[in-house]
Amino acid sequence: MSKRVMVVDDSRLVRVQLGDVLKGTDYEIVVHCRSGEDAIARYDEIKPDLVTMDIIMTGMDGLDASEIILKQHPDARIVMISSLAYDDTFERAKAIGVRGFADKPFHREQLLKIFEQALS
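So, a few notes on the structure that sits alongside this text.

### Observations regarding the overall build of the chain
Counting its regular elements, the chain contains 5 helices and 5 strands. In sequence order, the secondary structure elements of the chain are arranged as β-α-β-α-β-α-β-α-β-α. Oriented by its inertia axes, the alpha-carbon framework of the chain measures out at about 35 × 30 × 30 Å. Here the chain, with 120 residues, has 44% of them falling under the buried criterion. Across the chain, the fraction of contacts at a sequence separation of at least 24, relative to all contacts at a separation of at least 6, is 64%. Just so you have it, the chain exposes about 6,400 Å², and 50% of that area is on carbon and sulfur atoms. Between the mean site of the 16 positive side-chain charges and the mean site of the 21 negative ones, the chain shows a separation of 5 Å.

Now the structure itself:
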């Protein structure tokens, strides 16, 4: 059974790249949210196994969105994917309960390993 992935990123290109990386794996992108607000609103409806979350987005950033989702759903599994992450960002994300981090540009093996760790 495939694992359902919610992609939260304001870049359409990232969604396409993630789709390419996940082809032929046990992961299926079931929804693409372009903002933190959209991800929060749709989480209950989608019930994803895993969320990939960009940090810098228009409107609410990924850290604030992750914090809200994890308060409402403590068992949510969120992986941050960003090109702009600093030590303080990592520290805040860990404190919130984010399960992993991947840098953009991401690589298939790296991403799949991070996803496995986030789900274990």
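Picking up after the structure, the text goes on.
### Here's the deal with the packing of aromatic side chains
For any pair of aromatic rings, the description rests on two quantities: the centre-to-centre distance and the angle between the ring planes. With the rule as written, the count across this model stands at 1 aromatic pair. Across from the ring centre of Tyr-27, 5.5 Å away, lies the NZ or CZ of Lys-3, which sits over that ring.

### Quick notes on unusual backbone geometry
Note the cis peptide between Lys-104 and Pro-105, where omega equals -5°. Inspection of the secondary structure puts Pro-105 in the loop between strand 5 (100–103) and helix 5 (108–119). Even without being glycine, Lys-47 reaches a positive phi, approximately 50°. Along the chain, Lys-47 falls in the loop between helix 2 (36–46) and strand 3 (50–53). You can call Lys-47 exposed: its relative accessible area is 58%.

### Comments concerning the sheet that holds strand 1 (residues 3–8)
The strands making up a sheet associate through hydrogen bonds between their backbones, and the pairing can be parallel or antiparallel. Spatially, the 5 strands line up as an open sheet ordered 2-1-3-4-5, and their pairing is parallel. At either end of the open sheet lies a strand with only one pairing partner, and these are strand 2 (27–33) and strand 5. When the angles between neighbouring strand axes are averaged without regard to direction, this sheet yields 25°. Sheet topology places strand 4 (residues 78–82) next to strand 5; 4 bridges connect them, and they run parallel. By the bridge assignment, Ser-82 is partnered in strand 5 with Asp-103. Across the sheet, helix 5 lies against strand 1, strand 2, strand 3, strand 4 and strand 5, angled at about 170° from strand 5, the strand it touches most.

Definitions and limits used
Residues numbered from 1 in each chain as written. Predicted model: local features only at pLDDT ≥ 70, side-chain atom pairs only at ≥ 80, totals over all residues. Heavy atoms only, no water. Helix = DSSP H or I, 4+ residues; strand = E, 2+ residues; numbered from the N terminus. Buried < 20%, exposed > 50% of the residue type's maximum accessible area, 1.4 Å probe, protein only. Contact = heavy atoms within 4.5 Å. Areas by Shrake-Rupley, 256 points an atom, 1.4 Å probe, with all protein chains shown as cover. Lys, Arg positive; Asp, Glu negative; His and termini not counted. Charge placed at Lys NZ, Arg CZ, Asp CG, Glu CD. Phe/Tyr/Trp six-rings, centres within 6.5 Å; stacked < 30°, edge-to-face > 60°. Lys NZ or Arg CZ within 6 Å of the ring centre and 35° of its normal. Pairing = 2+ DSSP bridges. Axes fitted to C-alpha atoms, helices over the stretch in contact; angles between N-to-C directions.

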